[in-house]
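Each chain, letter by letter, is given below.
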Amino acid sequence: MAFRAELKGMKRVLRRLGFTSKDDVVEQKGRAACEIDTGDELVICELIYDGVFNDLKPEVWRHKLSTSQPSALCPRKPLKTAE
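All figures in this text were calculated on a predicted structure; none of them were measured in a lab.

*Asks:* Residues and numbers for a nonpolar patch on the surface, please.
*Replies:* On the surface, a cluster of nonpolar side chains totalling about 220 Å² of accessible area is made up of Val 43, Leu 47 and Val 52. Structurally, Val 43 can be placed in helix H3 (residues 41–49). Its relative accessible area of 45% is what places Val 43 among the partly exposed residues.

Pasting the structure below:
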């Protein structure tokens, strides 16, 4: 049951950020996030879609993105489970 509530919350966040539709279909923004393989995909995708990199030269934003660590290398805290 705890996982179901967590999944529901995650889906709600993805809908609110525009990564999925109200019918849980992955939108263009969500597909773009799936292709990003560095750091926190959702944050980087938000920065791209908000135009943060628009005024930067390609070599500058490429450097900024390359400094982001892949999420597999970042230690994560284990999820709390209901006992």
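*Asks:* How would you summarise the packing of helix H2 (residues 28–35) against H3 if you had to cite specific residues and measurements?
*Replies:* Two elements in contact, H2 and H3, have axes separated by 9 Å at closest approach and are oriented at 125°. The angle between H2 and H3 falls in the class oblique. Here H2 runs over H3; the crossing is right-handed. Contacts between H2 and H3 involve Gln 28, Lys 29, Ala 32 and Ala 33 on the former and, on the latter, Glu 41, Leu 42, Cys 45, Glu 46 and Tyr 49. The residue inventory of the contact of H2 with H3, partitioned by class, reads 5 nonpolar, 1 polar and 3 charged.

*Asks:* Describe the environment of Leu 47, and please don't skip the residues or the numbers.
*Replies:* The topology assignment puts Leu 47 in helix H3. The partly exposed category is assigned to Leu 47, whose relative accessible area is 32%. Sequence-distant contacts of Leu 47, defined by excluding residues within four places in its chain, comprise Val 52 and Phe 53.

Scoring rules and cut-offs
- Residues numbered from 1 in each chain as written.
- Predicted model: local features only at pLDDT ≥ 70, side-chain atom pairs only at ≥ 80, totals over all residues.
- Heavy atoms only, no water.
- Patch = residues over 30% accessible without salt bridge, like charges linked within 9 Å, V, L, I, M, F, W, Y side chains within 5 Å.
- Areas by Shrake-Rupley, 256 points an atom, 1.4 Å probe, with all protein chains shown as cover.
- Salt bridge = Lys/Arg side-chain N within 4 Å of Asp/Glu carboxyl O.
- Helix = DSSP H or I, 4+ residues; strand = E, 2+ residues; numbered from the N terminus.
- Buried < 20%, exposed > 50% of the residue type's maximum accessible area, 1.4 Å probe, protein only.
- Axes fitted to C-alpha atoms, helices over the stretch in contact; angles between N-to-C directions.
- Parallel < 35°, antiparallel > 145°, perpendicular 65-115°, else oblique.
- Left-handed = near helix turned anticlockwise from the far one by under 90°.
- Contact = heavy atoms within 4.5 Å.
- Nonpolar A, V, L, I, M, F, W, Y, C, P; charged D, E, K, R; others polar.

In short, shape yes, function no, at least from these values alone.
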